[in-house]
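Inside the fold
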Amino acid sequence: MQAAPRLAFGVIADIQFADAEDGYDFGGCRRRYYRHSLRLLREAVWEWAAESPPINFVLQLGDSIDGQNARRGEAESALQQVLEVLGQLSVPVHHAWGNHELYNFSRARLVHTGLYSRPAGGSDGPADRECHAYHCSLAPRLRLVVLDSYDASTLGSDPGSPRYQESLRVLREKNTNDDLNNPEGLKEPHFVAFNGGFSQAQLDWFDEVLKFSDENQEKVIVMAHVPIHPCASNGVCLAWNYEAALSVIHRHRCVVCVLAGHLHDGAYCQDLHGVHHLTLEGLIETPPDSNAFATVHVYEDKMVLKGRGRIPDRVMHF
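Residues numbered from 1 in each chain as written. Predicted model: local features only at pLDDT ≥ 70, side-chain atom pairs only at ≥ 80, totals over all residues. Heavy atoms only, no water.

A look at the sheet that holds strand β12 (residues 292–298)
Adjacent strands of a sheet form backbone hydrogen bonds with each other and so pair up, either parallel or antiparallel. Applicable threshold: Strand pairing follows a simple DSSP-based rule, namely that at least 2 bridges must link the two strands. Under the DSSP-based scheme used, a helix requires at least four consecutive residues in state H or I and a strand at least two consecutive residues in state E, with every element numbered from the N terminus. Every axis in this analysis is a line fitted to C-alpha atoms, fitted for helices over the stretch in contact. Angles between the N-to-C directions lie between 0 and 180 degrees.
Taken in spatial order, the 6 strands line up as β5-β4-β1-β12-β13-β14 in an open sheet, and their pairing is mixed. Pairing within the sheet leaves two strands with one partner each, and these edge strands are β5 (93–95) and β14 (314–317). Here the strands of the sheet are splayed against their neighbours by 20 degrees on average, with no regard to which way each runs. Here β12 pairs with strand β13 (residues 302–309) via 7 bridges, running antiparallel. The residue of β13 that forms the bridge with His-297 is Val-304.

Concerning unusual backbone geometry
In plain terms, the rule: Under the scheme applied here, a residue whose accessible area is under 20% of the maximum for its type counts as buried, over 50% as exposed, and between as partly exposed, the area being computed with a 1.4 Å probe on protein chains only.
Note the cis peptide between Ser-52 and Pro-53, where omega equals 0 degrees. The backbone of Arg-141 shows a phi angle near 65 degrees, a positive value even though the residue is not glycine. Note on placement: Arg-141 falls in the loop between β6 (134–139) and β7 (142–146). Residues other than glycine seldom take positive phi values, yet His-262 does so here, at roughly 75 degrees. Relative to the helices and strands, His-262 resides in the loop between β9 (255–260) and β10 (267–270). Accessibility expressed as a relative area gives 7% for His-262, which makes it buried.

Some remarks on the packing of helix α1 (residues 36–49) against helix α3 (residues 75–86)
Short version of the rule: Oblique is the label for any angle not covered by the other classes, which are roughly parallel (under 35 degrees), roughly antiparallel (over 145) and roughly perpendicular (65 to 115). Here a crossing is taken to be left-handed if its near helix is turned anticlockwise relative to the far helix by less than a right angle, and right-handed if that turn runs clockwise. Whether two residues are in contact is decided by their heavy atoms, any of which lying within 4.5 Å being enough. Throughout, the ten residues Ala, Val, Leu, Ile, Met, Phe, Trp, Tyr, Cys and Pro are labelled nonpolar, Asp, Glu, Lys and Arg are labelled charged, and all others, Gly among them, are labelled polar.
Between α1 and α3, the least distance of the axes is 9 Å, while the angle of their chain directions is 15 degrees. When the axis of α1 is compared with that of α3, the two are roughly parallel. In this structure, α1 crosses over α3, and the sense of that crossing is right-handed. Here Leu-38, Leu-41, Arg-42 and Val-45 of α1 come into contact with α3, specifically with Gln-81, Val-82, Val-85 and Leu-86. Looking at side-chain class alone, the contact of α1 with α3 contains 6 nonpolar, 1 polar and 1 charged residues.

Some remarks on the packing of helix α7 (residues 200–215) against helix α8 (residues 242–250)
At a closest axis distance of 9 Å, the pairing of α7 and α8 adopts a crossing angle of 20 degrees. By the angle between their axes, α7 is roughly parallel relative to α8. At the point where α7 passes α8, the crossing takes the right-handed sense. Residue-level inspection shows Leu-203, Phe-206, Asp-207 and Leu-210 of α7 in contact with α8, the latter providing Ala-244, Ala-245, Val-248 and Ile-249. Residues of the contact of α7 with α8, tallied by class, amount to 7 nonpolar, no polar and 1 charged.

Quick look at the sheet that holds β10
On the basis of which strands lie adjacent, the open sheet formed by 6 strands has the order β6-β7-β8-β9-β11-β10 and mixed pairing. Each end of this open sheet is capped by a strand with a single partner; those strands are β6 and β10. Strand-to-strand twist of the sheet, defined as the mean angle between neighbouring strand axes without regard to direction, takes the value 15 degrees. Summarising the sheet, strand β8 (residues 219–223) and β9 pair through 4 bridges and their orientation is parallel. Considered in β9, the bridge of Met-223 is made with Leu-259. Contacting β6, β7, β8 and β9, α7 crosses the sheet at an angle of about 175 degrees to β7.

Description of empty space enclosed by the protein
Rule in force here: Buriedness for pockets is judged along seven lines, at least five of which must meet protein on both sides within 12 Å for an open set on the 1 Å grid over protein atoms alone, while cavities are sets there where a 1.4 Å probe fits but cannot get out, and lining residues have an atom within 4 Å of a point. Grid points are joined across faces, edges and corners, and a volume is the space filled by probe spheres set on the points.
A complete count under the given rule lists 1 cavity of 30 Å³ or more for this structure. If you add up the space inside the largest cavity, you get close to 40 Å³. As for the largest cavity, its lining consists of Pro-227, Ile-228, His-229, Ala-232, Val-258, Ala-260, His-277, Leu-278 and Thr-279. Of all the secondary-structure elements, those providing two or more residues to the lining of the largest cavity are β9 and β11 (276–279). Per-element tally for the lining of the largest cavity: the top contributor is β11, with 3 residues. The residue makeup of the lining of the largest cavity, split by class, is 6 nonpolar, 3 polar and no charged.

What follows is the structure, encoded as structure tokens:
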């Protein structure tokens with residue numbers, strides 16, 4: 001008889017809610033169901049609330065509202081509607097910041113919204129409080145690390161700031177197109193403005209957290225908005241300095257899984273070090289008669305993902 005799971009959690013990505021008619025992606029060929037995404041989120045919350053055994057927390061992998069809300073002057077109201085639905089849960093929600101959060105809000109503003117799930121005070125994250133990275137213990141010998149994959153980015157920062165200037169320099173060095181969101185013809189097509197990367201300060205902090213987890217025989221689940229492995233990506237939706245993040249992970253034994261969003265088709269691979277990289281399908285491109293969320297049960301030696309709608313079931317052994 002199988003032992004009971006140590007804990008369970010919900011996971012969802014790319015809600016991208018806007019009170020708007022259906023539209024299409026930047027290529028004009030993939031339908032996006034802006035208004036319906038809130039209803040699908042509500043259905044996910046209802047199912048999570050009824051889970052047995054009950055879930056312990058939810059991971060929201062970023063892009064909770066769509067960028068068009070900024071143009072419509074509806075960013076605050078759209079975010080409030082999403083947070084109200086998630087707030088019906090009696091468990092914590094851990095948020096990753098995605099590009100669409102940063103189309104709607106500056107980093108300085110996001111710190112004062114419900115998307116700032118980094119605990120107040122303490123030494124749980126990097127020194128920069130506007131870097132939305134942190135870690136927390138989920139259960140004995142099990143830790144969550146939230147990474148900020150736009151810590152290096154031109155999004156959400158003042159154009160005069162060092163963060164913006166350095167990010168723009170890196171981007172222009174790698175991307176010679178007039179439109180910095182265009183990957184066409186690039187040797188490294190992931191160097192586009194809708195992606196971002198990790199500062200050295202965040203990577204150094206990440207390395208110390210994993211060192212602590214190694215020393216304490218912990219298993220670690222990592223979450224970020226942007227994928228960090230090419231095989232869990234389409235080659236474009238990938239963190240700028242993904243190799244540096246992978247290098248930190250592979251220096252340690254503790255990471256078992258990296259969860260990401262951003263790529264609405266979803267993807268999966270297990271790397272040569274045994275780490276699972278799961279990119280979740282996006283809710284925004286899910287037809288109203290389907291859904292895209294999952295419940296994950298964590299055991300001593302595996303994670304069992306029960307997908308809903310277009311997310312397949314998956315077993316990830318440690």
